[in-house]
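Inside the fold
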Amino acid sequence: MTEKLLSPLRTRPWPERWLTRVLGAGVATAAYVVCVPSGTVPASEDAPGGGVPLAVILVCLAGYFGRRDDLAWPLLLVAVPPAVLMYMSFESAQPLEWAFATLVIAAGALVAATVGRCFRPRREDPTDGLLCAAHRS
């Protein structure tokens, strides 16, 4: 079971790949909806402490997808859904705050995905340690 949950997505069948990606985007969306009350911005007084659980969930999710998928997918799956919801909840007079928050979320997702990639299983290369593979006849 863990092999199925932790193996690279490129080795899985395409329906499983896309279902996993859609579920990841759904978890990121649900985390934003649960952690940030509707109609408030994360930096307001109405949302005390909602940013910390949201950040923990998004970092863990980005690390998971960073381990399993290519580097661009965690950005699309983890950073884009909260950014879109945040854009809808921010007032139109706050584009700079939205841009900064989106940049922070995207940078955090890329850093967590990069760290997650470090935990990928390394494939054994039969040519490791060889200085020259050419044979002279």
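Higher on the page you've got the structure.
All of the points below concern the structure found in this document. Residue positions are given per chain, counted from 1 along the sequence in the order it is written. Restriction of local features to residues with pLDDT of at least 70 applies here, the model being predicted, together with a cutoff of 80 or more for giving and counting side-chain atom pairs; totals for whole chains, interfaces and linings are based on all residues. Heavy atoms from the whole structure form the basis of all side-chain values; hydrogens and water molecules are not counted.

Details of the layout of surface pockets
Reported here for the second largest pocket is a volume of approximately 180 Å³. As for the second largest pocket, its lining consists of 12 residues, and the residues nearest its centre are L5, T20, L23, Y64 and R68. Each helix is a run of H or I in the DSSP string that is no shorter than four residues. Each strand is a run of E no shorter than two, and both are numbered from the N terminus. Those elements that provide at least two residues to the lining of the second largest pocket are α1 (2-6), α2 (14-35) and α3 (51-68). The dominant element in the lining of the second largest pocket, judged by the number of residues it contributes, is α2, at five residues. Classifying every residue of the lining of the second largest pocket by side-chain character gives seven nonpolar, two polar and three charged. Definitions used throughout: a 1 Å grid over protein atoms alone; a cavity as a set of points that fits a 1.4 Å probe which cannot get out; a pocket as an open set with protein on both sides within 12 Å along at least five of seven lines; a lining residue as one with an atom within 4 Å of a point. Grid points are joined across faces, edges and corners, and a volume is the space filled by probe spheres set on the points. Any residue that is not Ala, Val, Leu, Ile, Met, Phe, Trp, Tyr, Cys, Pro, Asp, Glu, Lys or Arg is counted as polar, Gly included; the first ten are nonpolar and the last four charged.

Considerations on α3
Counting along an α-helix, one turn takes 3.6 residues, and residues three or four places apart therefore face a common direction. In a regular helix each residue adds 1.5 Å, so 18 residues correspond to 26 Å; α3 covers 26 Å between its end C-alpha atoms and thus fits that length. When a residue's accessible area, from a 1.4 Å probe over protein chains only, is under 20% of the maximum for its type it is buried; when over 50% it is exposed; and in between it is partly exposed. Along α3, the positions that sit buried rather than exposed are L54, L58, L61, A62, G63, F65, G66, R67 and R68. Helix span, expected: 1.5 Å multiplied by one less than the number of residues in the helix.

Digging into the packing of α2 against α3
A fitted line through C-alpha atoms serves as each axis, taken over the contacting stretch for helices, and the angle formed by two N-to-C directions is quoted from 0 to 180°. Put simply, α2 and α3 touch, their axes get as near as 9 Å, and they point 170° apart. Between α2 and α3, the interaxial angle falls into the category roughly antiparallel. Packed against α2, whose contacting residues are T20, R21, G24, V27, A28, A31, Y32 and C35, the element α3 presents P53, L54, I57, L58, L61, F65 and R68 at the interface. Tallied by class, residues from the contact of α2 with α3 come to 11 nonpolar, two polar and two charged. In this scheme, roughly parallel covers angles under 35 degrees and roughly antiparallel covers those over 145, while 65 to 115 is roughly perpendicular and the rest are oblique. Any two residues whose heavy atoms approach within 4.5 Å at even a single point are treated as in contact.

Describing the pattern of salt bridges
Just to be clear on terms, a salt bridge is a Lys or Arg side-chain nitrogen sitting within 4 Å of an Asp or Glu carboxyl oxygen. Inspection of every chain in the model, using the stated rule, returns two salt bridges. For E16, the salt bridge goes to R12, with nearest N and O atoms at 3.0 Å. The burial state of E16 is the same as that of R12; both residues are buried. Between D69 and R21 there is a salt bridge, with its nearest N and O atoms 2.8 Å apart. Here the residue D69 occupies a position in the loop between α3 and α4 (72-89), and R21 occupies one in helix α2, the gap between them amounting to 48 residues. Across this residue pair, the class does not change: D69 and R21 are buried.

Concerning a nonpolar patch on the surface
Among the surface-exposed residues, L76, V80, V84, Y87 and M88 lie close enough to one another that they form a single nonpolar patch of about 510 Å² accessible area. Along the chain, L76 turns up in helix α4. Classification of L76 by relative accessible area gives partly exposed; the value is 47%. Patch membership is restricted to residues that have no salt bridge and whose relative accessible area is over 30%. Joining uses 9 Å for like charges and 5 Å for the nonpolar side chains Val, Leu, Ile, Met, Phe, Trp and Tyr. The Shrake-Rupley method, run with a 1.4 Å probe sphere, supplies the accessible areas, and residue values consider only the shown protein chains as cover.

Interpretation note: all reported values are geometric properties and have no functional meaning in isolation.
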